[in-house]
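So the chains spell out like this:
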Amino acid sequence: MSTVKVITGNHAASFGARDSRAEVIAAYPITPQTQIVELLSEFCADGTLKAKFIKVESEHSAMAACIGASAAGVRAYTATSAHGLALMHEMLHWAANGRHPVVMANVNRAMGPPWSIWTDQNDSLAQRDTGWLQFYCESNQEVYDTTMIAFKACEQVLLPGMLVLDAFILSHTYEPVEMPDQELIDEFLPPFDPPYKMDLDDARAFGALTTPEWYMELRYLIQEAHEKALVTVREVEKEFGETFGRYYGTLELYRCDDAEEVILIAGSTASTAKDAVDIMRKGGRKIGLARIKLFRPFPNEEIRDIASRVNKMIVIDRNVSFGNQGIFFNEIKASLYSAKNRPPVYGFVAGLGGRDMKIDDITGIVEQADTCDIEEILWWGVKL
Amino acid sequence: MIEIRFHGRGGQGAVIASEILADAAFRDGKYVQAFPMFGVERRGAPVTAFTRIDNKPIRIKFFIYNPDYVVVLDPTLVGQVDVAAGCGMSSSYKEQEEGKAMILINTSMDPKDVGLKGMFSVATVDATSIAVKYKLGSRQAPIVNTAILGAFAKATGEISLDLLLKAIGEGVPAKQEENAQAAKEAYEMVVL
């Protein structure tokens, strides 16, 4: 029998790691993530989870310990947020370039200064080019489910994966979360068994100096693995859906079948925006929503497909690349350059540093897109 | 959808109250959501927490601006914080039912003496005395959340006392029996 508990997004992540049978957890506390590893440390202490919990002195060390564990053929997990993730940056490259499928939860939190503990996506998007898969979740259930989806997909392509949840809006919000039978989960997610691991009886070099003669080939293999990951994630999502009855997809489409315009968005704001879509549809707008679940690898084909079917795209970014524009906005437009049918794309930067994103904000953005100039970089609700 | 906003001070248990209420409604087969407004957390500072209850999955994820019910755990907040803001008013996603909205305040005063007027009724309960009687928290800083939830169950009829007591039994970290007694007593004592 599956069980349903009313839990926070943070604890959904902890239970996800527990039920994925993580074997090594190395972590350093940071708000608003701390509850994730706090509960995991309790699971380790009381024997609920047979894992080694390694206390470290920084996030950099946390990731280093996870990489070591993963290289030894062990399923490794950690969680962090914002400045902790930034401190990990060097090790993120090591994890991906070393092909260690570590899974990490990152609670999206705005970067300081000024000091902030509230949500936006700049922390995770700043790690775009490290080679990690990135999954953006919109509910606590999805946080739980995506933990095992990420482990399964990442271990198949030998790349690390980051699942992302919004600070407070998910991390500290209680919602019902269904947790399936452990037996079913074990069938879905068998033990980690990498083709190469640190083994005294079968000694190999890990991360050795590589001359220009071969470095590029190793990078090419990572790109190839990312392209494969797009297919793998879809397959794993499909299998997850068939097994557990919940399907998310890499680009989730909501009411897009007859849509003339579409909102593109990632994270928990997508959840609110779905209700906004329902309200706008009642008002006569043929509008839909495409939620970017997977950001790396980027679902280019699916973006082009939805673009070919609508007259207008509105991208809402809870992030910004200073000196240019919203990051999803940028990525989506890059996707469309080679497409035959390109509708106008409007980009809005909104909700930075946890600024509340209400239904009225979503409908307001859609209405503003009716009249604004496509060249503008639009900051929603700025009091300046 | 029912939307409830809690106003309290750090240490009174407003955040736990929002969770226990959600848990009780969940036990009633409802979909729920509970969350705090995280600010500068310290003992005595104003705290806001929220609960949503619905018959279908809840997708919206933002603060509650137009609550059906407001629960005030500390009477000294009235006047300092606009506890009545938006209460009883319709929003872009919900029409307010006439005569439903209510503000429940922890005070020994009669509802008509509280001085709050708007599109809502006022109910009161002396949750502080009840919490002190059951030694919940200290005499100087009593934890009033379970008592006021008992009063909420009676005043609004949105949740049964039985389910609330079950949620309290699992939701409070200590003194489960005393907390349950406090809820029961407030259920009987609330003034409408």
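Residues numbered from 1 in each chain as written. Chains lettered and ligands numbered in written order. Predicted model: local features only at pLDDT ≥ 70, side-chain atom pairs only at ≥ 80, totals over all residues. Heavy atoms only, no water.

1. Points about the domain arrangement of chain A
Residue and element names in this part refer to chain A.
And then number 1: Structurally, chain A comprises domain 1 (3-244) and domain 2 (251-379).
And then number 2: Here the C-alpha centre of domain 2 lies 27 Å away from the C-alpha centre of domain 1.
And then number 3: Contacts between the two partners involve 27 residues from domain 1, matched on the other side by 29 residues from domain 2.
And then number 4: At the boundary of domain 1 with domain 2, total buried surface from both sides reaches about 2,300 Å², with 53% on carbon and sulfur atoms.
And then number 5: Run the count over domain 1 and domain 2 and you get 7 salt bridges. (Domains from an automatic or database assignment. Contact = heavy atoms within 4.5 Å. Buried area = accessible area lost by both parts, 1.4 Å probe. Salt bridge = Lys/Arg side-chain N within 4 Å of Asp/Glu carboxyl O.)

2. Structural notes on the environment of G353 of chain A
And then number 1: Locating G353 of chain A in the fold gives a position in the loop between β14 (345-349) and α13 (359-371).
And then number 2: Taking C-alpha positions, G353 of chain A is 9.8 Å from N108 of chain A, a pair spaced 245 residues apart along the chain. (Helix = DSSP H or I, 4+ residues; strand = E, 2+ residues; numbered from the N terminus.)

3. Focus on the pairing of strand β11 (residues 287-292) of chain A
It is a general feature of regular strands that their side chains alternate between the two faces of the sheet.
All names here are of chain A.
And then number 1: Counting buried residues in β11 gives 6 out of 6 residues, a clear majority hidden from the surface.
And then number 2: Judged from the 4 bridges that link them, strand β9 (residues 251-254) and β11 form a sheet pairing that is antiparallel. Across the sheet, the residue bridging to L253 is A290, located in β11.
And then number 3: Relative to β11, strand β10 (residues 261-265) runs parallel, the two being bridged by 5 bridges. (Buried < 20%, exposed > 50% of the residue type's maximum accessible area, 1.4 Å probe, protein only. Pairing = 2+ DSSP bridges.)

4. Notes on the pattern of salt bridges
Opposite charge on two side chains makes pairing possible when the charged atoms of those side chains draw close.
And then number 1: This structure, assessed with the given rule, holds 42 salt bridges over all chains.
And then number 2: Measuring nitrogen to oxygen at the nearest pair gives 2.6 Å for the salt bridge that ties R234 of chain A to E302 of chain A. Of the two residues, R234 of chain A is situated in helix α9 (residues 212-244) and E302 of chain A in helix α11 (residues 300-307); the sequence distance between them amounts to 68 residues.
And then number 3: Overall, R234 of chain A belongs to the partly exposed group, its relative accessible area being 27%.
And then number 4: With its nearest N and O atoms 3.3 Å apart, the salt bridge here joins K30 of chain B to D28 of chain B.
And then number 5: Residue classification places D28 of chain B among the partly exposed positions, given a relative accessible area of 38%.
And then number 6: Bridged by salt links that share partners, the residues E138, E142, E237, E252, K274, R291 and K293 of chain A form one connected network.

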